[in-house]
Amino acid sequence: MRKIITLALLITGASFSSQAQTNGRIAGTVKDEEGKALQSATVTLLKSSDSSLVKAAVADRAGSYEFQNIQNGKYLVAFTSAGFEKKFSSAFELSGNALDLPAISLKAAAKNLSGVTVQSKKPFIETKLDKTIVNVEASPTNAGATALEVLEKSPGISVNSDGAISLRGKAGVIVMMDGKPTYLSASDLANMLKNMPASALDQIEIMTNPSAKYDASGNSGVINIKTKKGRAPGFNGSVMAGITTSIYELDGNTYVLPKSQNSFQFNYKKNKLNFFGNYNPNYHQGRNTMVFDRKFVEDGAYEGYSAQTTHFKFSGHNHTLKLGMDWDASKKDVFGVVVSGFMFNGKPSPVTSSELFDANNQLQSKLVSYTDNDLSFRNFTSNLNWRHKFDSTGRELSADLDYVRYDNVNDMLLTTDKYNSAGQYTGQSLLKGTLPADINIYSFKTDYTLPFKGGRFEAGLKTSYVKNDNLVDYKTFFNNKWYDDARSNHFVYEENINAAYVNFNKQVKKWNFQGGLRTEHTASKGNQITQDTSFKKNYVDFFPTAFVSYTLDKNNSLTVNYGRRVNRPNYQDLNPFIYFLDTLTYRQGNIYLLPQYTDKYELSYAYKSKYILSASYSETDDVISQILRQNTAEKKTYLTPDNVATFRNIGLSLTAPAKLTKWWNANFFTNVYNNHFTGMIDTAAVDIDYTTFMVNVTNTFTLGKGFTAELSGFYRHRDVNQLSIVEPLYQMSLGAQKQVLDGKGTIRLNVRDPFSWQRFEGVNKYGNIDMRFSNRPDTRQVSASFSYRFGKSGPQSQPRRRASSSQDEQSRVGQGS
C-alpha cells in the first residue's frame, strides 16, 4: 500500500510540475457552418510540394487539433469528416516553434444527411494496428441478430455451443460493455448476449494485446462492446421494431419459433447538459437438441455405454435499460453519471432420455428426466465519472467510481422416471432446488495522462472489492415427504484487487516505442459455510507490456509487441455447488482453482494500415479447462474446471479488405494456428496437438437508390477447444436493407444459416473419458426490422465513452457454462 501511495504522490506532483512542449507545433480548430465544433474530424498534415502525408490527428471535443515535433517547412492541411465535404487549407510555412492556423469551417455534404445515412457508409470492419473495429449497423445481416451472433461473425472470434468465447483460437477473453467488465457468470453472460439485440450496439472493439492501462485479465485479449449513445444538440434518437422467426426441424416436425427485437434510443443535449439512454424489451422462444454418447472404461476394461438425448424447449423475456447524463461544468471539467439495468426471466425445460447398456451392449435401464427451471436474473450498474483537462496539450486527470449488483435465482424441479430393460416403469425420483446468487462489486480507478514532445506518459491506480454470496438448497422427495439433501451448500467468496500502472510512449523519427508495467495485488478468501471449509490467498503479480513500431514508408510498417496477462478463475468456477442437467449429468465448481498466466509475443506487418499480417506466439501455465469426470459404476458424468495443462498457441492471421468493384466491397480474415495442450488429468497424461484454421468473409453490395446487400459467412476447421476435439463449424447469412423516408428510416431483411449448417459436434477422449457430443441449436432464422431516426443528428454526435473502474471484475463471472 505504501508503494501505491508513493506512486499517487508522484503522479500528482508530475501534474503540477510539467510544462507543455510547443516546439515545432501546428494547431487550429475545425467547425461546421454553424460554428459548432466538429469532434472526431480527421485532420492530416501534408507537404505542400507533393501532398505526401506527414502526420494525422483527430479533433477533440472542442474541435481542436495539433501536430507536435514538426520540422520547419511548407505544408497544407486537409480536413475530412463523415457527412461533410473535404476541405484543404492554403499552403503555409512553419519557420518557428509554433503556428496557430485560422479556424476552418466544413460544409455539409447534403441537406438531408441523416445519422443513418452516414452510418451506412461505414465499413463493417475497420482494421487498425492495435485493434479491429466492427461497426454493427453497417451490416444488413445483423438485422434481428443478437449480440452473441454478431460476435460470432466478427474476425477471429469463435463461440462454442455453451456460449464460451475464444479469440484467434485461444480461450480466456475478457468481454466488456462500454469499457466495463460484465461480471456475469458463465451461463449468465451467454444469456445476456443471446438476449441483447444487435440494434442496441454501436461498435465492437477487438484487442489482442491491450496496454498496461487495461486490467491484466484476459489471456487472449479484450472484446469491448460499445452501445449506442449520442451527443447531438437538441432531442434526437431512433426507434426499432423487429421480428425473427426460427425454423426448427425435429423428428419430422417443423417448429416456428418467434423472437422479437425492439429498441428505443434517445439523446437530448442543451447547453452544458447531455441526457441519453436506451431501452430494449425483447421476447424469444427457442429449441435445441443435444446428444451425448459415452463409453465407460475402467482400468482399460470396457464396462458399457450410455446414449443420451436432451431436447431443450425455452422461452423468456428480457428488458435492458440505460440512462445517463454528462455535464460540461467548465471548459476543463466534465462530470457524468450512468445507470443501467438488465432483467431476464426464462423457463428452459430440458427433457432428457438416457439409455444405459452393459459391457455386452445389452440394455440395462432407461431414464427420462424432466427439468422445470424458473430463472430470474437482475443486474444493476451505476457509474460516476469525472474528467479534468489541464490545458490544450491533452494533459488530463480522470476518475471513475462504480457499484454493480447481480441477483440471480433459479428454482428447479427435476423429475426422473425409471424403466427396466423391458421398458416397464419401475419408479420415480424427485429433486427440487432453490439456487440464489448475490454479487456486489465496488471499484474505483483514476488515470493521469501527460503528453510531451513526441510522446505521452500515463499512470493510474485502481481498487476493487467483490463479494459473491451463493446458496443452494436441495430437497429430495421420499415417502410422500420432502427431505433436506446432502448436496445443499452455502458458499461466500470475497476478493480485493489493488492495482497501479505506468505507460510511456515516445516517437523518434520513424520509430514508435511504448512500454508499460502494471502491478496487481490480490487478496481473496472463500468459505463453504455448510461444509465448514475455507481458504485464503494473497499474492502480487507484475505485468509488463512492450510495443515497438517502425514505419518503412508511407504505406508500410512493422510492429512487434509483448505482453503478460492473467486469467483468474470465474466466480462461479470457484463455487463448489452442483448444477443438474439431469440425474446422470451435472456441473460442479472447484474452490482450489489457481490463476493461469500467459506470455504473448506478436509481430505485425501493415500495408496502408488496412492489410495486416500478424504472427503470434503464446504460452499459458496452469490452464483452467472444463474437464469431464465420471463415475463408471453409477454411469454418472460431471463437468468441472481444473488446472490441468500448459498451453501453447502459434498463429498467423491476415486481414484484407478489398474493393472489388464500385459496388462490391469485401473483407477477408483468416487465422492459421496450432494449439498444443500437455498435462495430467489425475494419473492420465494429456497431449493434444492440432493445427487448424478459420476464415471470416463479408461481402457488401451497394446497389443504388438506398439499397445495400450483404453475403457473409465463416468456417472453422477441426479444432481443439477446452480439451474437446471439435468438428468443422460453418455458417452463412444474407441480408438487404433499404433507406426510406429521406434516409431517416431503414428496412432490413436477413436470413441467417438458411441451410441449418451450424452444428457443434466433437469428441472428448482422455483418461477414462470417451464421449461424442452433438449440439444443434435453432440457428436457421428469418428476420425483418424497421428503424427510424428522429431529430437532428450530425456526424459530430460522437459519444463520450467511459472506461469504467470495473473492467476486470464484471467479466469474471464467466463465459459459457
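Nothing here was measured: the structure is a model prediction, and the numbers come from that model. All chains use their own residue numbering, which begins from 1 and follows the written sequence. Where totals are concerned, whole chains, interfaces and linings use all residues; where local detail is concerned, this predicted model gives features only for residues with pLDDT of at least 70, and gives and counts side-chain atom pairs only at 80 or more. With hydrogens and water excluded, all non-hydrogen atoms of the structure serve as input to the side-chain values.

The subject of this paragraph is the overall build of the protein chain. A count of helices and strands for the protein chain gives five helices and 47 strands. In this analysis, two residues are considered to be in contact whenever any of their non-hydrogen atoms come within 4.5 Å of each other. Restricting to contacts in the protein chain with at least 6 residues of sequence separation, those with at least 24 account for 67%. Labels follow the DSSP assignment, with helices taken as runs of H or I lasting at least four residues and strands as runs of E lasting at least two, numbered in each case from the N terminus.

The next subject is the side chain of T779. Position of T779 relative to the elements: it lies in the loop between β46 (769-777) and β47 (781-790). A polar side-chain atom of T779 sits 2.5 Å from a polar atom in the side chain of D753. Look past the residues within four positions of T779 in its chain and what remains in contact with it is R752, D753 and Q758. In protein, a polar contact requires one atom able to donate a hydrogen and another able to accept it; more generally it is a pair of N or O atoms within 3.5 Å, and residues adjacent in sequence count only if both atoms are side-chain atoms.

Attention now moves to the packing of aromatic side chains. Each aromatic pair joins two rings of Phe, Tyr and Trp (for Trp, the six-membered one) with centres within 6.5 Å, and gets the label stacked for planes under 30 degrees apart, edge-to-face for over 60, and tilted for any other angle. Taken as a whole and assessed by the stated rule, the structure comprises 35 aromatic pairs. An aromatic cluster is present here, built from F693, Y715, Y730, F755 and W757 joined pairwise through their rings. Counted as over-ring charges are cases with an Arg CZ or a Lys NZ within 6 Å of the ring centre that also lie within 35 degrees of the ring normal. Directly above the aromatic system of Y255 lies the positively charged group of R287, at a separation of 3.9 Å from the ring centroid. Above the ring of F707, the side-chain terminus of K738 is found at 5.3 Å from the ring centroid.

A word on the pairing of strand β39 (residues 684-704). Only when DSSP finds a minimum of two bridges between them are two strands counted as paired. In terms of strand pairing, strand β38 (residues 664-681) meets β39 through 18 bridges, oriented antiparallel. Looking across to β39, one finds that M680 is bridged to A685. With antiparallel pairing between neighbouring strands as the criterion, β38 and β39 make up a hairpin whose turn holds two residues, including D682 at a positive phi of roughly 60°. Of the pairings in the sheet, the one linking β39 to strand β40 (residues 707-716) comprises 10 bridges and is antiparallel in character. Each residue of the ladder has a partner; that of M694, found in β40, is R716. Here β39 folds back onto β40, and the loop between the two strands holds two residues, one of which, K705, carries a positive phi near 55°.

Another aspect to go through is the side chain of T620. Here T620 shows up in strand β36 (residues 611-631). Looking at T620, the relative accessible area reads 5%, which means it is buried. A polar side-chain atom of T620 sits 2.6 Å from a polar atom in the side chain of T598. Exposure classes here rest on a 1.4 Å probe applied to the protein chains alone. A residue is buried below 20% of its type maximum, exposed above 50%, and partly exposed in between.

Another aspect to go through is the nonpolar core. Among the nonpolar cores identified, the biggest contains 27 residues, and M412, Y474, F491, Y493 and F580 are the most heavily contacted of them. Where this core is concerned, the elements lending two or more residues are β22 (333-346), β24 (363-389), β25 (396-420), β26 (425-452), β27 (455-478), β29 (489-508), α5 (571-574) and β33 (578-582). Remark: nonpolar core denotes a set of buried residues (Ala, Val, Leu, Ile, Met, Phe, Trp, Tyr, Cys) joined through side-chain atoms within 4.5 Å. Core analysis: the next-biggest nonpolar cluster, separate from the first, contains 22 residues, F292, A645, V763 and Y766 among them.

It is worth spelling out the pattern of salt bridges at this point. Put simply, a salt bridge is a Lys or Arg side-chain nitrogen that is within 4 Å of an Asp or Glu carboxyl oxygen. Tallied over the entire structure, the rule returns 21 salt bridges. Between K445 and D447 there is a salt bridge, and its shortest N-O distance comes to 2.6 Å. You can call K445 buried: its relative accessible area is 10%. The salt bridge partner of R587 is D573, with a shortest N-O separation of 2.5 Å. A residue pair is termed long-range when its members are at least 10 positions apart, and R587 in strand β34 (residues 585-588) and D573 in helix α5 qualify at 14 residues. D573 carries the same exposure label as R587, and that label is buried. Because the salt bridges share partners, they merge into one network encompassing R25, E66 and D100.

Backbone geometry at N361 places phi at a positive 60°, although glycine is not the residue there. Relative to the elements of secondary structure, N361 occurs in the loop between β23 (351-357) and β24. Here N361 falls in the partly exposed class, since its relative accessible area comes to 43%. In this structure, S756 takes a positive phi of about 55° despite not being glycine. Here S756 is to be found in the loop between β44 (745-752) and β45 (760-766). For S756, a relative accessible area of 15% gives the class buried.

Below, the discussion takes up the pairing of strand β2 (residues 42-47). A regular strand places its side chains on the two faces of the sheet in alternate fashion. Where β2 and strand β3 (residues 53-58) come together, five bridges link them in antiparallel fashion. Looking at the pairing, V43 lines up with A57 of β3. Turn length for the β2-β3 hairpin, with the two strands adjacent in sequence and antiparallel, is five residues, and the turn residue S51 shows positive phi of about 60°.

Position of A59 relative to the elements: it lies in the loop between β3 and β4 (64-67). Accessibility expressed as a relative area gives 4% for A59, which makes it buried. Between the C-alpha atoms of A59 and K31, which are 28 residues apart in sequence, the distance is 9.8 Å. Those residues within four positions of A59 in sequence are excluded, and the remaining contacts are V30, L38, Q39, S40, A41 and S64.

Moving on, we get to the confidence of the model for the protein chain. Across the protein chain, pLDDT averages 82, with 84% of residues at or above 70. Of the regions scoring below 50 in pLDDT, residues 1-22 engages in 25 contacts with residues more than four places distant in sequence or in other chains. Per-residue confidence from the predictor is given as pLDDT, running between 0 and 100. For residues 111-120, every residue scores under 50 in pLDDT, and the model assigns this stretch 23 contacts once sequence neighbours within four places are set aside.

You can see N468 is positioned in strand β27. With residues near it in sequence (within four places) discarded, N468 still touches D438, I439, F491, V492, Y493, Y571 and Q572. Looking at N468, its side chain comes within polar contact range of the side chain of N470, at 2.7 Å.

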